[in-house]
Amino acid sequence: MGVSGWLAERLALPKFRSKYLGKPFPVHSTFFLGEIALFSFVVLVGTGLYLALFYEPSAAAAGGGGGGALPAAYASVLAIDSNPFGALIRRIHHWAAHLMIAAVILHLLRVYFTASYRRPREVNWLLGLVLLGATIGASFAGYLLPYDQFSVTATAIGYGILRSMPWVGATVADFAFAGQFPSAATVPRFFAYHVVWAPLALSALIALHMVILLKQKHTELPARGERPDPAEGRWIHGIPLWPEQAALMGVLFLILVAMLALLAAFLPVHPSAYFGPPSPATPDVKPDWYLLWVYGALRLIPGTLHFRFLGATIGSEAIGAMLVPGLLALVILLVPWLDRAPSSEYYAERAAAGPRRLALGLAVLTLFLALSLAGFGAELGLSVPVLWVITVAAPIAAAWGTHLVVGRRRAETVEMKAPGR
Ligand code: HEM
């Protein structure tokens, strides 16, 4: 018996191979979105490990110098940027973060529009939302690390929002930011969140997400026009995990790394040298694209608006950046329980097969876009009342238009099918 035979016998490899490596994977291009999120995370960890060798998590003056010495964190980022390889890795890290957030959001949309959140996949839907929050949280913690004028101002906005939380805002914000921001203790605290807490939490949650996926198996999209009977069992039309699916994933990973390297080679990121070190001046900062809608909601709500509730004053900041996002998050969280249509455990649905789901989904998506547009209201010369009209009318128009178009198409399909019955 050779070494491989000896190992196979000791580790029961043939059983493992037939149980796990032969698992069939349905093939559909949108199923790659979750994998893209996963691979972006791997790239983030790899590039982050390199950056951590040179980054200094301290707001103290570099080299202990006084006078005009720069904060150590800021100076270390300038040093990373001044080295061509360091700059390339920093840019890949930055683009991978954007790609991961975009992939997670698109993956969520795929799961929603194909109704893949239905029983028994509610747990993975909830876990997915926690993953989305953790991904955005990790990104927010990373935002402060260059410790330049822009990132300090942006983080201060986040601090203000957390402080506006009724009853416990000041305690929670001061604990999370290790003191009243800006405080010297915030940089090492956020560094710990960014390089220890967030990667550990994301790794554990992603692993759980995958274990549940393996246990429940992937949903499968029915052929166009086919409506599987919910009570029916199924055959999985797919390819085995080993070697076909693994080879596909390998190719996808290499394409992703190549694309990020190309982006990094040609498109610079967050120019810390241009923003300069922190100073008392407050530049006009906007959040990244995925949080622009919160900024837009804040602009739509008059700064003087407030009400009292159980002894606490709830101001415009808490309404725009906590209450509105909180309510939207609650609706999204409850999606699996709001959709009560009978469904198959095995099959997903094509988006057009559920006109109401499609219309509501597009309405919420349009609401996010309209709120993001409100974030650019001043630059576009749009007044607050006009932005309010857009924010209310655009989602209604999107829902109504979708229902009209998809409803009519479905009616036509049924009519076309009728004579052959
Ligand atoms: C870091 C974030 C995430 C990662 C790395 C991730 C990864 C994955 C992967 C690789 C799959 C299998 C392939 C696929 O369907 O694309 C999957 C399936 C799934 N994910 Fe995620 N996911 C994340 C976030 C989310 C979010 C935000 C949601 C929804 C709120 C979600 C809900 C689901 C569900 C319900 C499935 C099963 C889909 C089915 O069987 O068709 N995931 N995830």
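The structure this text deals with has already been given above.
Residues numbered from 1 in each chain as written. Predicted model: local features only at pLDDT ≥ 70, side-chain atom pairs only at ≥ 80, totals over all residues. Heavy atoms only, no water.

### Considering the site of the ligand
Taken together, 25 residues lie around the ligand, and Phe31, His107, Arg110, His209 and Thr219 are the ones closest in. Within the contact set of the ligand, an oxygen atom lies 2.5 Å away from a side-chain nitrogen or oxygen of Arg110. The contact in question runs from a nitrogen atom of the ligand to an N or O atom on the side chain of His209, over 2.8 Å. Counting residues per element, the ones that place at least two in the shell around the ligand are α3 (32-52), α5 (84-113), α6 (122-144) and α9 (186-216). Across the shell around the ligand, the residue classes break down as 13 nonpolar, nine polar and three charged. (Near = heavy atom within 4 Å. Polar contact = N/O pair within 3.5 Å; in protein donor to acceptor, adjacent residues only side chain to side chain. Helix = DSSP H or I, 4+ residues; strand = E, 2+ residues; numbered from the N terminus. Nonpolar A, V, L, I, M, F, W, Y, C, P; charged D, E, K, R; others polar.)

### A closer look at a positive patch on the surface
Among the surface-exposed residues, Lys15, Lys19, Lys215 and Lys217 lie close enough to one another that they form a single positively charged patch. Among the secondary structure elements, Lys217 is positioned in the loop between α9 and β2 (238-240). (Patch = residues over 30% accessible without salt bridge, like charges linked within 9 Å, V, L, I, M, F, W, Y side chains within 5 Å. Areas by Shrake-Rupley, 256 points an atom, 1.4 Å probe, with all protein chains shown as cover. Salt bridge = Lys/Arg side-chain N within 4 Å of Asp/Glu carboxyl O. Lys, Arg positive; Asp, Glu negative; His and termini not counted. Charge placed at Lys NZ, Arg CZ, Asp CG, Glu CD.)

### Observations concerning the environment of Leu305
Take Leu305: it is sitting in the loop between α12 (292-300) and β3 (306-309). The sequence separation of Leu305 and Ile319 amounts to 14 residues, and the corresponding C-alpha distance is 8.7 Å. Apart from residues no more than four positions distant in its own chain, Leu305 is found in contact with Ile314, Gly315, Ser316 and Ile319. (Contact = heavy atoms within 4.5 Å.)

### Notes on the coordination of the iron atom of the ligand
Under perfect tetrahedral coordination by four donors, a metal shows angles of 109.5 degrees; under perfect octahedral coordination by six donors, it shows angles of 90 or 180 degrees. Protein-derived coordination of the iron atom of the ligand comes from His107 (NE2) and His209 (NE2), at a distance range of 2.0 to 2.1 Å. Relative to the metal, the six donor atoms surrounding the iron atom of the ligand lie at angles of 86 to 180 degrees, and the coordination shape comes out octahedral. You can see His107 sitting in helix α5 and its partner His209 sitting in helix α9, a full 102 residues away along the chain. (Donors = N, O, S within 2.8 Å, 3.2 Å for Na, K, Ca; no water. Tetrahedral: all angles 85-135°; square planar, octahedral: opposite > 155°, others 65-115°.)

### Some thoughts on the environment of Ala75
Following the sequence through the fold, Ala75 ends up in helix α4 (residues 72-82). Considering only alpha carbons, one finds Ala75 and Glu56, 19 residues apart in sequence, at a separation of 8.4 Å. Not counting residues up to four positions away in its chain, the partners in contact with Ala75 are Ala62 and Leu70.

### Quick notes on the packing of aromatic side chains
For the structure shown, the criterion picks out 20 aromatic pairs. Taking 5.1 Å as the distance between ring centres and 55 degrees as the angle between the ring planes, the aromatic pair formed by Tyr50 and Phe54 counts as tilted. According to the relative accessible area criterion, Phe54 is partly exposed, its value standing at 44%. Pairing Tyr159 with Phe177 gives two aromatic rings, centres 5.1 Å apart and planes at 65 degrees, and the pair type is edge-to-face. Taken as a pair, Tyr159 in helix α7 (residues 149-163) and Phe177 in the loop between α8 (169-176) and α9 lie far apart in primary sequence, 18 residues in all. By relative accessible area, Tyr159 is classed as buried at 7%. Site record: aromatic cluster; members linked through ring pairs are Phe140, Tyr159, Phe177, Phe181, Phe190 and Tyr193. (Phe/Tyr/Trp six-rings, centres within 6.5 Å; stacked < 30°, edge-to-face > 60°. Buried < 20%, exposed > 50% of the residue type's maximum accessible area, 1.4 Å probe, protein only.)

### Side note on unusual backbone geometry
Following Phe181, the chain continues into Pro182 via a peptide bond in cis, with omega recorded as 0 degrees. Considering the arrangement of structural elements, one finds Pro182 in the loop between α8 and α9. The linkage connecting Trp242 with the following residue, Pro243, adopts the cis geometry, with an omega of 5 degrees. Along the chain, the position of Pro243 falls in helix α10 (residues 241-266). One non-glycine residue, Ala12, lies in positive phi territory at about 50 degrees. Note that Ala12 resides in the loop between α1 (3-10) and α2 (13-21). Judged by relative accessible area, which is 38%, Ala12 ranks as partly exposed.

### Thoughts on the pattern of salt bridges
Scanning all chains against the criterion turns up seven salt bridges. We note a salt bridge from Asp81 to Arg90, for which the minimum N-O separation is 2.6 Å. With a shortest N-O distance of 3.2 Å, Arg357 and Glu349 are connected by a salt bridge. Grouping residues by exposure puts Arg357 and Glu349 together as buried. Salt bridges here are not isolated pairs; linked through shared partners, they connect Arg118, Asp339, Glu349 and Arg357.

### Details of the packing of α12 against helix α15 (residues 355-374)
The geometry of α12 relative to α15 is characterised by a closest axis approach of 7 Å and an angle of 65 degrees between their N-to-C directions. Judged by the angle between their axes, α12 and α15 are roughly perpendicular. The handedness of the crossing between α12 and α15 comes out as left-handed. Touching Leu292, Trp293, Gly296, Ala297, Arg299 and Leu300 of α12 are Phe368, Leu371, Ser372 and Ala374, all from α15. Its residues assigned to classes, the contact of α12 with α15 shows seven nonpolar, two polar and one charged. (Axes fitted to C-alpha atoms, helices over the stretch in contact; angles between N-to-C directions. Parallel < 35°, antiparallel > 145°, perpendicular 65-115°, else oblique. Left-handed = near helix turned anticlockwise from the far one by under 90°.)

Treat this as a map of the structure, not an account of what it does.
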